[in-house]
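# Overview (structure and organization)
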Amino acid sequence: MARPLGMGERLRAELGRVREGGGPGADHAEIALGDGPIRRRLASSIRALAEHRGRRSSICPSDAARAVGGENWRELMPDARDVARQLARSGAVEITQRGTAVDPEGDWTGPIRIRTTAD
């Protein structure tokens, strides 16, 4: 009997489906699944997952960290949050807390979610 997939494996599988589907986020999924610089892969993972899920859904920064970092995802969390902030500054994504968009320049702490701004 096959063992159940861990969260990182499920997220990498989702990125694989996004890449193979060729739809929103496919190009970003390709980069996220590659072996380039970690921050670039985190940014691409955030964009691919958020674009794939659409404006009505969101992702957690840990989704990107788990997809890119595997078992070592926790050490990537500060970078994942920082990359999300940079993407929000550029307008590619929106950061929310309790469903409300927050200023990417703000001094927020606590749990956040990330959603695409693409239609």
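Under an unreviewed UniProt entry, the chain has the name S-adenosylmethionine tRNA ribosyltransferase and belongs to Mycobacterium paraffinicum.

With that settled, the discussion passes to the overall build of the chain. When helices and strands are counted, the chain shows five helices and three strands. Relative to the globule expectation of 14 Å for 119 residues, the C-alpha radius of gyration of the chain, 14 Å, shows essentially globular dimensions. C-alpha extents for the chain along the principal axes are approximately 45 × 30 × 25 Å. Looking at the 119 residues of the chain, the share that counts as buried comes to 44%. By sequence separation, contacts in the chain at least 24 residues apart represent 45% of the contacts at least 6 residues apart. Carbon together with sulfur atoms contributes 47% to the accessible area of the chain, which is approximately 6,800 Å² in total.

A few words on the pairing of strand 1 (residues 93-97). Most of strand 1 is tucked away: four of the five residues are buried. The pairing of strand 1 with strand 3 (residues 113-116) spans four bridges and is antiparallel. Bridge pairing in strand 3 places Glu 94 opposite Arg 115. Looking at chain direction, strand 1 and strand 2 (residues 100-101) are connected through two bridges and run antiparallel. Its bridge partner lying in strand 2, Gln 97 is registered against Thr 100.

Under the counting rule described, the total for this entry stands at zero aromatic pairs. Between Arg 66 and the ring centre of Trp 73, over which it is positioned, the NZ or CZ distance is 3.9 Å. Sitting over the ring of Trp 108, Arg 85 keeps its end group 4.0 Å from the ring centre.

Now for the packing of helix 1 (residues 7-21) against helix 3 (residues 38-53). Orientation of helix 1 relative to helix 3, taken along the N-to-C sense of each, is 70°, at an axis distance of 10 Å. Regarding the angle of helix 1 to helix 3, the classification is roughly perpendicular. Relative to helix 3, the crossing made by helix 1 is left-handed. Contact residues: Leu 11, Glu 14, Leu 15 and Val 18 in helix 1; Ser 45, Ala 48, Leu 49, His 52 and Arg 53 in helix 3.

Analysis parameters
- Residues numbered from 1 in each chain as written.
- Predicted model: local features only at pLDDT ≥ 70, side-chain atom pairs only at ≥ 80, totals over all residues.
- Heavy atoms only, no water.
- Helix = DSSP H or I, 4+ residues; strand = E, 2+ residues; numbered from the N terminus.
- Rg over C-alpha atoms; globule rule 2.2 N^0.38 Å.
- Buried < 20%, exposed > 50% of the residue type's maximum accessible area, 1.4 Å probe, protein only.
- Contact = heavy atoms within 4.5 Å.
- Areas by Shrake-Rupley, 256 points an atom, 1.4 Å probe, with all protein chains shown as cover.
- Pairing = 2+ DSSP bridges.
- Phe/Tyr/Trp six-rings, centres within 6.5 Å; stacked < 30°, edge-to-face > 60°.
- Lys NZ or Arg CZ within 6 Å of the ring centre and 35° of its normal.
- Axes fitted to C-alpha atoms, helices over the stretch in contact; angles between N-to-C directions.
- Parallel < 35°, antiparallel > 145°, perpendicular 65-115°, else oblique.
- Left-handed = near helix turned anticlockwise from the far one by under 90°.

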